[in-house]
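# Structure assessment
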Amino acid sequence: DGGITQSPKYLFRKEGQNVTLSCEQNLNHDAMYWYRQDPGQGLRLIYYSQIVNDFQKGDIAEGYSVSREKKESFPLTVTSAQKNPTAFYLCASSIVSGPTRNQPQHFGDGTRLSIL
Amino acid sequence: GEDVEQSLFLSVREGDSSVINCTYTDSSSTYLYWYKQEPGAGLQLLTYIFSNMDMKQDQRLTVLLNKKDKHLSLRIADTQTGDSAIYFCAEIYGGTSYGKLTFGQGTILTVHP
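Note that the coordinates shown come from a computational prediction; the quantities given were computed from them, not determined experimentally.

All names here are of chain B. With 7 of its 8 residues buried, strand S9 (residues 85-92) lies for the most part within the structure. As paired elements, S9 and strand S11 (residues 107-112) share 3 bridges and run antiparallel to each other. Directly across from alanine 85, in S11, lies its bridge partner leucine 109. In this sheet, strand S10 (residues 101-103) lies alongside S9 in antiparallel orientation, the contact comprising 3 bridges. Looking at the pairing, alanine 90 lines up with phenylalanine 103 of S10.

Under the defined criterion, the tally for this structure stands at 14 aromatic pairs over all chains. For the pair tyrosine 33 of chain B and tyrosine 35 of chain B, a centre-to-centre distance of 6.3 Å together with 35° between the ring planes defines the contact as tilted. No difference in accessibility class separates tyrosine 33 of chain B from tyrosine 35 of chain B, as the two residues are buried. Feature note: the residues Tyr33, Tyr35 and Phe107 of chain A together with Tyr31, Tyr33, Tyr35, Tyr48, Phe50, Phe88 and Phe103 of chain B constitute an aromatic cluster, connected by ring pairs. We note arginine 68 of chain A situated over the ring of phenylalanine 74 of chain A; from NZ or CZ to the ring centre the distance is 5.9 Å.

The subject of this paragraph is the pattern of salt bridges. If you walk through the whole model with that rule in mind, you get 6 salt bridges over all chains. A salt bridge links lysine 71 of chain A to aspartate 30 of chain A; its shortest N-O distance comes to 3.5 Å. In this pair, lysine 71 of chain A sits in the loop between strand S7 (64-66) and strand S8 (76-78) while aspartate 30 of chain A sits in the loop between strand S3 (19-25) and strand S4 (31-37), placing the two residues 41 residues apart along the sequence. The partly exposed category is assigned to lysine 71 of chain A, whose relative accessible area is 24%. Notably, a salt bridge pairs glutamate 38 of chain B with lysine 36 of chain B, separated by 3.3 Å at the nearest N-O pair. Overall, glutamate 38 of chain B belongs to the partly exposed group, its relative accessible area being 37%. Each of Arg36, Asp38 and Arg44 of chain A takes part in one network of salt bridges that share partners.

Criteria and thresholds
Residues numbered from 1 in each chain as written. Chains lettered and ligands numbered in written order. Predicted model: local features only at pLDDT ≥ 70, side-chain atom pairs only at ≥ 80, totals over all residues. Heavy atoms only, no water. Buried < 20%, exposed > 50% of the residue type's maximum accessible area, 1.4 Å probe, protein only. Helix = DSSP H or I, 4+ residues; strand = E, 2+ residues; numbered from the N terminus. Pairing = 2+ DSSP bridges. Phe/Tyr/Trp six-rings, centres within 6.5 Å; stacked < 30°, edge-to-face > 60°. Lys NZ or Arg CZ within 6 Å of the ring centre and 35° of its normal. Salt bridge = Lys/Arg side-chain N within 4 Å of Asp/Glu carboxyl O.

Structure below.
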């Protein structure tokens, strides 16, 4: 079955430590996205990538970094510069097509990051 | 900039209809989406509507779009306890070169037996 796999499901970070969240998709989608979700809030875009070896900052990129070396993979690193990293992180992917960019985004099951 | 607003809570009895409302500000929106999120899970795409449509029906789900008032609603007929979840509306902002989704805060739907 095609889908988006995020791992791990739960992750704990110590103060001053970088951690990397994994996102893999086998949908052959061109675009991939990382969102952060906090209680009572909608999703906020961290980074997105429309093509391999290219990515752009979203609305809240500070303290985060990404790479897109393969079409299937878009890992997110939460660096020690991110002072409030406790949140639910969601990865998504979509087809990029046409001027309307109308293809819906499909989501993984998320990774919950907590600070020790 | 674009903004999407939803009421935070909705409580209904099993078997009743649920109506979840959403307003948006971006007049250049092309597609509007409804997603469902169950506890501890990712978002599941429920349905979407193109901005030149007024209504879309898909089994128990009916989406109504009032483009003049920038108001979107999701009606769930014969609501079941399994429909309890957070529902997000989202729009694609037509002003960027890629399909950026802007989400509302989410409406927590609670269905009572």
